[in-house]
Amino acid sequence: MSNPPLPLLALYQQMSLTRALEDAIRDLVRSRQIVGTLHVGRGHEAVTTGTTAALAPGDVVAPGARDLGVLLARGVAPRQILAQWLRRAAGPSGGRTGALHFGDMRDALVIPATATPSLAVAAGTALATKVRGEARVTVAYLEDAATNAGDFHEAMNLAATQDLPLICVVATNTYVGKFASRAYRPKHLADRAAAYGIPGYVVDGGDVLAVREAMERAVTLARAGRGPVLLEAKVFRVAGQTEADSVPRETLDEWRARDPIERFTRHLRTLGALNDTLTYEFAASTLATVQDALTYAQHAPPPDPATLTDHRFAPDDALPMGPPVEAPVGMTAERMLQWR
Amino acid sequence: MALNEETTYAGAIRRALREELLHDPRVCLLGEEVGFGAGGERPAHGLLGEFGPERIIELPASGGALIGVATGMALMGLRPVVELPYAALTGEGFSQVVAAAQLHWRTAGAMHAPLVIRAPYGTHADPWRAASPEAWFAGVAGLHIVVPSTPYDALGLLKAAIRENNPVLFLEGHYFYRRLREVLTADEVLTVLGQAEIRRDGDDVTVLTWGAVVYPAMEAAEMVAGEGISAEVIDLRTVLPYDAATVAASLARTGRALIVHDTPQTGGLGAELAARIAEAHGATMHAPITRVAAPDVPFPAAPELAASYAPNAARISDALRRLMRT
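S.K.: Is there a simple way to think about the overall build of chain A in this case?
M.R.: Looking only at helices and strands, chain A has 10 helices and 5 strands in total. The buried share among the 340 residues of chain A stands at 49%.

S.K.: Which parts of the structure should I look at to understand the overall build of chain B?
M.R.: Regarding its fold elements, chain B presents 10 helices and 14 strands. Taken against the 2.2 N^0.38 rule, which gives 20 Å for 326 residues, the C-alpha radius of gyration of chain B at 20 Å falls within 12% of a compact globule. The principal-axis extent of the C-alpha atoms belonging to chain B is close to 60 × 45 × 40 Å. Here chain B, with 326 residues, has 58% of them falling under the buried criterion.

S.K.: Honestly, the interface of chain A and chain B in this entry has me stumped. Any pointers?
M.R.: It is common to report an interface's size as the accessible area lost on association of the parts. On the side of chain B, 34 residues touch chain A, which itself brings 40 residues to the contact. The set of elements that each furnish at least two residues to the side of chain A that touches chain B consists of helix H5 (119-131) and helix H6 (150-161) of chain A. The element best represented in the side of chain A that touches chain B is H5 of chain A, accounting for 10 residues. When grouped by side-chain class, the residues that make up the side of chain A that touches chain B number 20 nonpolar, 15 polar and 5 charged.

S.K.: What am I meant to see in the sheet that holds strand E5 (residues 229-235) of chain A here?
M.R.: In any sheet, the strands associate via hydrogen bonds between backbone groups, in a parallel or an antiparallel arrangement. Residue and element names in this part refer to chain A. Spatial ordering of the open sheet is given by E1-E2-E3-E5-E4, a layout of 5 strands whose pairing is parallel. Taken across any chain shown, the strands that pair with only one partner, and hence form the sheet edges, are strand E1 (60-62) and strand E4 (200-204). Neighbouring strand axes in the sheet, compared pairwise and without regard to direction, differ in orientation by 20 degrees on average. Here 3 bridges tie E1 to strand E2 (residues 138-143), and the two strands are oriented parallel to one another. The residue of E2 that forms the bridge with Ala62 is Ala140. Of the strands in this sheet, E1, E2 and strand E3 (166-173) are in contact with H5, which crosses E2 at around 170 degrees.

S.K.: Before we go on, may I ask you to explain the nonpolar core in this structure?
M.R.: The tendency in soluble globular proteins is for nonpolar side chains to be buried side by side. In terms of nonpolar packing, the biggest core is built from 204 residues, with Ala123 and Ile167 of chain A together with Val69 of chain B touching the most fellow members. In this view, Ile167 of chain A contacts Val137, Val139, Ala218, Val219, Ala222, Pro228, Val229 and Leu231 of chain A; residues no more than four positions away in its chain are not counted.

S.K.: Would you explain the sheet that holds strand E14 (residues 290-294) of chain B in this entry?
M.R.: All names here are of chain B. With mixed pairing, 5 strands are arranged side by side in an open sheet as E9-E11-E10-E13-E14. Whereas interior strands pair on both sides, the edge strands pair on one side only; in this sheet they are strand E9 (197-200) and E14. Taken over all neighbouring pairs, the strand axes of this sheet differ in orientation by 25 degrees on average, direction set aside.

S.K.: Can you help me understand the packing of helix H1 (residues 7-30) of chain A against helix H2 (residues 45-52) of chain A in this one?
M.R.: Between two packed helices, the angle of one axis relative to the other and the distance separating the axes together describe the packing. Residues and elements named next belong to chain A. Here H1 crosses H2 at 135 degrees, and the two axes come no closer than 9 Å. Between H1 and H2, the angle is such that the two are oblique. Where H1 crosses over H2, the handedness of that crossing is right-handed. Touching Leu11, Gln14, Met15, Thr18 and Arg19 of H1 are Glu45, Ala46, Thr48 and Thr49, all from H2. Per-class residue counts for the contact of H1 with H2 are 3 nonpolar, 4 polar and 2 charged.

S.K.: It is not clear to me how the environment of Tyr121 of chain B should be interpreted in this structure. Could you clarify?
M.R.: Residues and elements named next belong to chain B. The topology assignment puts Tyr121 in strand E5 (residues 116-121). Separated by 96 residues in sequence, Tyr121 and Ala217 have C-alpha atoms that sit 19 Å apart. Those residues in contact with Tyr121 that lie beyond four places of it in its chain are Ala87, Ala131, Ser132, Pro133, Leu171, Glu172 and Gly173.

S.K.: So what exactly am I meant to see when it comes to the pairing of strand E11 (residues 231-235) of chain B here?
M.R.: Along a regular strand, successive side chains alternate from one face of the sheet to the other. Residue and element names in this part refer to chain B. Among the 5 residues of E11, 5 are classified as buried, and the element is accordingly described as predominantly covered. On E11, burial covers both faces: Ala231, Val233 and Asp235 on one face and Glu232 and Ile234 on the other are all buried. As defined by bridge partners, E9 adjoins E11 across 3 bridges and the pair is classed as antiparallel. What sits directly across from Arg200, in E11, is Val233. The β-α-β motif built from strand E10 (residues 205-209), the intervening helix H6 (residues 214-225) and the parallel element E11 has right-handed crossover chirality.

S.K.: Help me understand the confidence of the model for chain B, please; the structure alone is not making it clear to me.
M.R.: Low pLDDT marks regions whose predicted coordinates should not be analysed in detail. Per-residue pLDDT for chain B has a mean of 93; in total, 95% of the residues score no lower than 70. Model confidence for the complex: the whole-complex pTM is 0.93, and ipTM, which rates the interface, is 0.93.

S.K.: In this structure, what is going on with the packing of H5 of chain A against helix H3 (residues 63-75) of chain B? I would like to understand it.
M.R.: Contact pair H5 of chain A / H3 of chain B: the axes reach a minimum separation of 6 Å and the direction vectors enclose 50 degrees. As summarised for this structure, H5 of chain A and H3 of chain B are arranged oblique, according to the angle between their axes. Judged by the sense of rotation from one axis to the other, the crossing of H5 of chain A with H3 of chain B is right-handed. Counted together, Ala120, Val121, Ala122, Ala123, Gly124, Thr125, Leu127 and Ala128 of chain A of H5 of chain A and Gly64, Ala65, Gly68, Val69, Ala70, Thr71, Gly72, Met73 and Leu75 of chain B of H3 of chain B form the full contact between these two elements.

S.K.: Is there a simple way to explain the environment of Asp204 of chain B in this structure?
M.R.: All names here are of chain B. Looking at the element boundaries, Asp204 is found in the loop between E9 and E10. Here Asp204 falls in the partly exposed class, since 18 other C-beta atoms lie within 10 Å of it. Distance in space between the C-alpha atoms of Asp204 and Arg163 is 37 Å, their sequence separation being 41 residues. Residues within four places of Asp204 in sequence aside, it is in contact with Ile229, Ser230, Ala231, Thr254, Arg256 and Met324.

S.K.: Explain the environment of Ile67 of chain B here, please?
M.R.: Residue and element names in this part refer to chain B. Mapped onto the elements of the fold, Ile67 is located in helix H3. Sequence separation between Ile67 and Val97 is 30 residues; the distance between their C-alpha atoms is 6.7 Å. Not counting residues within four places of it along the chain, the set of residues in contact with Ile67 comprises Val82, Gly93, Gln96, Val97, Ala100 and Ile117.

S.K.: Help me understand unusual backbone geometry in this model?
M.R.: Here Leu240 of chain B and Pro241 of chain B are connected by a cis peptide whose omega angle stands at -15 degrees. Summarising the element assignment, Pro241 of chain B is placed in the loop between strand E12 (238-240) and helix H7 (244-254). The phi angle at Ala99 of chain A is positive, at roughly 50 degrees, despite the residue not being glycine. What makes Ala99 of chain A partly exposed here is the crowd of 19 C-beta atoms within 10 Å.

S.K.: Would you mind going over helix H4 (residues 78-85) of chain A with me for this structure?
M.R.: Three- or four-residue spacings in an α-helix give side chains the same orientation, since the helix completes a turn every 3.6 residues. Residue and element names in this part refer to chain A. Most of H4 is tucked away: 7 of the 8 residues are buried. Taken as a whole, H4 has its buried residues at Pro78, Gln80, Ile81, Leu82, Ala83, Gln84 and Trp85. Buried residues in H4 make contact with H1, helix H3 (68-73) and helix H10 (276-299). Once H4 finishes, Arg87 follows within two positions and takes phi at roughly 55 degrees, a positive value.

S.K.: Please explain the confidence of the model for chain A as it appears in this structure.
M.R.: All names here are of chain A. In the predicted model, chain A carries a mean pLDDT of 88, and the fraction of residues at 70 or more is 87%. The secondary-structure element of chain A with the lowest mean pLDDT is helix H8 (residues 252-258), recorded at 76, while E4 shows the highest, at 98. Per-residue pLDDT stays below 50 along residues 326-340; that stretch engages in 23 contacts with residues further than four places along the chain or on separate chains.

S.K.: Would you mind showing me how to read H7 of chain B here?
M.R.: All names here are of chain B. Listed as buried for H7 are Val247, Ser250, Leu251 and Thr254. Down the axis of H7, the buried side of the element spans an arc of 100 degrees, and every buried residue falls inside it. Structural note: H7 exposes Ala245 and Ala252 on the side pointing more than 90 degrees away from its buried face. Those residues of H7 that are buried are in contact with E10, E11, strand E13 (257-264) and helix H8 (269-281). Backbone geometry just after H7 places Gly255 at a positive phi near 70 degrees.

What counts, and at which threshold
- Residues numbered from 1 in each chain as written.
- Chains lettered and ligands numbered in written order.
- Predicted model: local features only at pLDDT ≥ 70, side-chain atom pairs only at ≥ 80, totals over all residues.
- Helix = DSSP H or I, 4+ residues; strand = E, 2+ residues; numbered from the N terminus.
- Buried ≥ 20, exposed ≤ 12 C-beta atoms within 10 Å, placed from the backbone.
- Rg over C-alpha atoms; globule rule 2.2 N^0.38 Å.
- Contact = placed C-beta atoms within 7 Å.
- Nonpolar A, V, L, I, M, F, W, Y, C, P; charged D, E, K, R; others polar.
- Pairing = 2+ DSSP bridges.
- Axes fitted to C-alpha atoms, helices over the stretch in contact; angles between N-to-C directions.
- Core = buried A, V, L, I, M, F, W, Y, C linked by C-beta atoms within 7 Å.
- Parallel < 35°, antiparallel > 145°, perpendicular 65-115°, else oblique.
- Left-handed = near helix turned anticlockwise from the far one by under 90°.
- Right-handed = clockwise from strand over helix to strand, strands pointing away.
- pLDDT = per-residue confidence, 0-100.
- Arc of directions from axis to C-beta.

This is the structure:
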């Protein structure tokens, strides 16, 4: 498109691309072109899109396994993401890890996810920005169950004692279905913030505008040096733990009523911001983007087995880590997403 | 610091930290009461006043979070040094250590985590503090494990560890802090990681050891010298990855290997060393590769029990004599 889209439509496009790309990944998993499991993020799109819409380009993010939309919002290319999923040599990990276990600390400022919740690592990037007097905030994305781990408590306590510019976004899946379990006692995980003496907010994770507004409030506090914030987003993810888990058919109607993209579509149509023509135009553009990434990644060569033991240790002359020091804190024009 | 002044092991660590804080503005220290705690006994004592709270950062004592935080700081371009109150706490941060060590490989070389985890290790009167965790981490790819046995090595190896681009687990003998003294040069000391030091030359048998048991190993070598046994004592200093070249050169001469460590025998680093030596030199060895290690029990507290725990000169010299008889 020749003109930059309106911000609201950009949110819509971002959510749609996230869903379409994940659907492509799901199909690759189902057709066994990807060996591995997909931690489904279908239903999280308003959380990933709404929270990142409140960030500045120099802010740091630590997405989890379901947060594909965060990577897209930070400017990670769909080609890169599919090359990673398909374990291609050209992927950001060169086939050494799969799924979303990769990052970029020079440009997109994405902390690579590990098996350990990355909250403590995110507290570390927040501490680094604090001691250097930078205006960045760090956002860590967790899912509800991760707040039961010791790492969560240690990192939140540490972040609170240091007034770190850290926002912990917890996506709580309110659909439990046959996987119903009581893994924790509080009705709202945001209440856990009280244990650290920090603010905790609950937001409807299916409402992208509500998420963005809540996140703007959290970012304002954190950037002002008021310390960490716990933001709980209630989502309705019609899936189990992974793609391999099935969902009962009777829940699908409820899903359609609560689907964040469907909800936002209805909202935009009520406003008159979205019509059939635009919908088709956006769908075609999204499809083309996904198809391009798919073609690229499927034709990319696999990693050379001879490289297996490369990069065991970083060499003495490795490029220094961190964002380029000469860049102003996070505000380069190229990094500004078109919809901001 | 005056020239030719005797420096304690703790003083050497303090000097290394101070020199590196001055050398590189990216270096910072993290830990509980780091820089001001414990009445001057702790190596980093006094650095807070000189470098301020942006460089000497006091954090809650959460072993796992501290190492994760250090990783995050390293990702942002700093070079953090984490001080753990004692080495057993590395267990709390195990997965964070693994994640930091694997980062470079997992990102196909795009990222690395230059961080140092300093931790006092070894026997301790407090049972929950006593631990020598080097074997816990022996299979962690991408990690360096350094165990200095002298003030000079503590100085040179810590400075090199802070300049290293990979995570380093730096195990300090807390027993040494005030007991070991050495006259150190005022010149800069940088000791390359991964290089062993031959503490004593010998031709008949090679003793491979590190950390606190270097001293009883040296004593044992002197004991058997009078009996005509010439033992070479190699202090590995960096146990992961270890200096295979120095070990190979020594074994090519002696054909006999005795491995001494003060951690339990089962699953200890001696097992890996013995296997490597058997694979590389098995056909030319004159005697079975032998280990003297702690028994497969935790560190004891009573002095009477502790005396039977870590290998002492008597046990090591007995093993040397047995090796020479076969």
